[in-house]
Structure formats: C-alpha cells, structure tokens
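# Geometric and topological summary
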Amino acid sequence: MTTAVLKKYKLVIFDWDGTVMDSISKIVNCIRHSALALNIEPPSDTAIKNIIGMSLELAIEVLFPDDVAQHPALINGYKQQYRVDTTATPVFDNVENVLSALKAQGVILAIATGKGRAGLMRLLEQTQLGHYFSATRTSDEARSKPSPDMLEQLLAELAINADEALMIGDTKIDMAMAQAANIDRIGVTMGVHSAAQLSEFSPVATVDNYQQLQRILLG
C-alpha cells in the first residue's frame, strides 16, 4: 500500500470490473460455464482472471487459441450466462463516497472498461452510479485494453491533457493501458492483481480499499 497524498487531477478514470464492482468471481464462473457447455476444457481461474479488462472477443481469443471455430459460441454463451448467473457483484465499500467527494471538488470522472456498451449501461443503472460520470468508453467504441485508445478518446472528448488525468484499475492490463497513454495510474488490489504485480507498471500509488484511495486523492 502507498498512501502519500497525490497532486490534484482534473480527470479521474475508473476501470469497472474489480475496481468499482466486485465482479471477478462472476466473470470466472461465466467463462468456465460457457466452455463446459460446449464440452471445452475451461482455462484455469488464474488464466481467466488475467484476461479481465480485455474486450470479450480478445479475451476469448487469448483463452481458447485452439478452438477458433467455437469462438462465436463461446462469446454468445458467456453473454447469456452473465445475464442469468446469480453470483453476487456488489460495488466495493465506500465507492460512492469517493465518487461524490471527487465530484464535489470539481474533478471530472470517467470510465474505461472492457465491458460492452449494453452491459455497462445496465450496471450504471442498477448501481445508480451513472450520474457521477461525464464520459465512458467500452470495448464497443475503442480498441481493447491494453491499447491506450480508450483513454486517448476520453482525453480528447473532455479536453484534458494526459498529465492532468489519473487512471484507477485492478489489473496489469489497466496499468499498461495508462502507461501507454502517459497517464498517471493507481492500482487497487481488491480485484485481479496484487500490489507487486501492479507495481511492474510504476503506479503513483497502490491501495487495498476505497478508504485508502480517498485519503490519497482527497487528503
């Protein structure tokens, strides 16, 4: 954990899965189920976790390189399973307090996620967090992480310089994306990767919960 108070940023960009929402177990379950339904041996849980953040299409390519003909069925199966799977996906503790406090200080908030547009919009409505975010990018509108495309689109839309923005995410994929965009980054350890793994990409901080994040962003 790093807890030094950071500079003030004009724009803070959040990943979704494993960063705002505790949804990693559900994603793993749905990937496994989509494979088993097609009589394909599912990847290990670790392998699945390591693709979280990518677009679904790229994730399936990485996880099932020997089953190319089944990729469309795996993608459709995952989407169907995600809608019916009952694994709990709560928002992490204190998320809304942090979003509200940042917004109150005039910070612009955005999302960059590997989710598709329909899935993100559904979750923003369910969680009632959508009103906090001025802009969002999904895998439907940009090249998949770790390409910096999502972040570069957000910077252009919001007229913010890279050195005025901060990316918050739980995966090495998030950190690599931010590094490629020359954006400062904070790693959170509630999702996929550990502080040691996230530190490979020189984050300005790593935190274990939103209380710690609030202290270093808001003092």
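Our structure's up above, just so we're on the same page.
Residues numbered from 1 in each chain as written. Predicted model: local features only at pLDDT ≥ 70, side-chain atom pairs only at ≥ 80, totals over all residues. Heavy atoms only, no water.

### A short note on the overall build of the chain
As a reminder, the rule being used: Helical segments are the DSSP runs of H or I of at least four residues, strand segments are the runs of E of at least two, and each set is numbered from the N terminus. Our radius of gyration looks at C-alpha atoms and nothing else; its globule reference is 2.2 Å times the residue count to the power 0.38. Working definition: with a 1.4 Å probe on protein chains only, accessible area under 20% of the residue-type maximum means buried, over 50% means exposed, and in between means partly exposed. Residues are treated as being in contact if the distance between any of their heavy atoms lies within 4.5 Å. Reported accessibility uses the Shrake-Rupley method at a 1.4 Å probe radius. Residues are deemed covered only where the shown protein chains occlude them. We treat Lys and Arg as the positive residues and Asp and Glu as the negative residues; His and chain ends play no part in the count. Note that the charge is assigned to NZ on lysines, CZ on arginines, CG on aspartates and CD on glutamates.
Along its length, the chain carries 10 helices and 6 strands. Taking 2.2 N^0.38 as the reference for a compact globule, 219 residues should give roughly 17 Å; the C-alpha atoms of the chain span a radius of gyration of 17 Å, in line with that estimate. Oriented by its inertia axes, the alpha-carbon framework of the chain measures out at about 50 × 30 × 30 Å. A burial count over the chain gives 54% of its 219 residues as buried. In the chain, the proportion of contacts linking residues at least 24 apart, taken out of those at least 6 apart, comes to 66%. In the form shown here, the chain has an accessible surface area of approximately 9500 Å², with 48% of it arising from carbon and sulfur atoms. Considering the chain, the positive charge centre built from 18 side chains and the negative charge centre built from 25 side chains are found 4 Å apart.

### A short note on helix α7 (residues 149–158)
Buried within α7 are the following residues: D149, M150, L151, L154, L155 and L158. Turning to α7, the residues buried within the fold contact β1 (11–14), β2 (108–112), β3 (135–137), β4 (165–169) and α8 (172–180). Of the residues one or two after α7, A159 is the one with positive phi, at around 55 degrees.

### Remarks on the environment of G187
Relative to the assigned elements, G187 resides in strand β5 (residues 184–188). Here G187 falls in the buried class, since its relative accessible area comes to 0%. A C-alpha to C-alpha distance of 7.4 Å links G187 and T171, two positions 16 residues apart in sequence. Excluding its chain neighbours within four sequence positions, the residues that come into contact with G187 are G169, M175, L198, P203, A205, T206 and V207.

### Some points on empty space enclosed by the protein
The following threshold applies: The definitions used throughout rest on a 1 Å grid laid over the protein atoms alone, on which a cavity is an enclosed set of points accommodating a 1.4 Å probe that cannot get out and a pocket is an open set flanked by protein within 12 Å on both sides along at least five of seven lines; lining residues are those having an atom within 4 Å of a point. Grid points are joined across faces, edges and corners, and a volume is the space filled by probe spheres set on the points. Charged means Asp, Glu, Lys or Arg here, nonpolar means Ala, Val, Leu, Ile, Met, Phe, Trp, Tyr, Cys or Pro, and polar covers whatever is left, Gly included.
What the rule picks out here adds up to 1 cavity of 30 Å³ or more. As a volume, the largest cavity reaches approximately 60 Å³. Considering the residues around the largest cavity, the lining is formed by K7, K8, Y9, V12, L102, Q105, V107, L217 and L218. Here the residues of the lining of the largest cavity are counted per class, giving 6 nonpolar, 1 polar and 2 charged.

### Considerations on the layout of surface pockets
The volume enclosed by the largest pocket comes to roughly 530 Å³. Looking at the largest pocket, it is lined by 27 residues, and the ones nearest its centre are L56, Y78, G114, K115 and G116. Contributions of two or more residues to the lining of the largest pocket are made by α1 (24–36), α3 (56–63), α4 (71–84) and α6 (117–127). Residues belonging to the lining of the largest pocket are distributed by class as follows: 11 nonpolar, 7 polar and 9 charged.

### Points about the packing of aromatic side chains
Short version of the rule: Between the rings of Phe, Tyr and Trp (Trp by its six-membered ring), a pair exists once the centres lie within 6.5 Å; its type follows the angle of the planes, with under 30 degrees stacked, over 60 edge-to-face, and the other angles tilted.
What the rule picks out here adds up to 2 aromatic pairs. Ring geometry for F14 versus F133: centroids 6.3 Å apart, planes at 75 degrees, classification edge-to-face. One end of the pair, F14, is in strand β1; the other, F133, is in the loop between α6 and β3, and 119 residues separate them in sequence. There is no split in this pair, since F14 and F133 are both buried. Each ring, one from Y78 and one from Y82, has its centre 5.9 Å from the other, and the planes form 40 degrees; the classification is tilted. Placement of the pair is Y78 and Y82 together in helix α4, with a separation of 4 residues, close to one helical turn.

### Thoughts on the sheet that holds β3
Heads up, the rule is: At least two bridges found by DSSP between two strands are what make those strands a pair. Note on definitions: angles span 0 to 180 degrees between N-to-C directions of axes, and those axes are lines fitted to C-alpha atoms, for helices only across the stretch in contact.
The strand order across the open sheet formed by 6 strands is β3-β2-β1-β4-β5-β6, and the pairing between neighbours is parallel. For this open sheet the edge positions go to β3 and β6 (205–207), each flanked by a neighbour on one side alone. For this sheet, the mean inter-axis angle between neighbouring strands, taken without regard to orientation, is 20 degrees.

### As for the pattern of salt bridges
When their charged atoms lie close together, side chains carrying opposite charge are able to pair. Let me state the cut-off plainly: Salt bridges are defined as contacts in which a side-chain nitrogen from Lys or Arg sits within 4 Å of a carboxyl oxygen from Asp or Glu.
For the coordinates displayed, the defined rule picks out 7 salt bridges. The residue E157 makes a salt bridge to R137 at a minimum N-O spacing of 2.8 Å. With E157 in helix α7 and R137 in strand β3, this pair connects stretches of sequence that are 20 residues apart. Between K172 and E200 there is a salt bridge whose closest N-O contact spans 3.8 Å. Here the residue K172 occupies a position in helix α8, and E200 occupies one in the loop between α9 (195–198) and β6, the gap between them amounting to 28 residues. Bridged by salt links that share partners, the residues D15, K145 and D174 form one connected network.

Bear in mind that shape data such as this cannot, by itself, settle questions of function.
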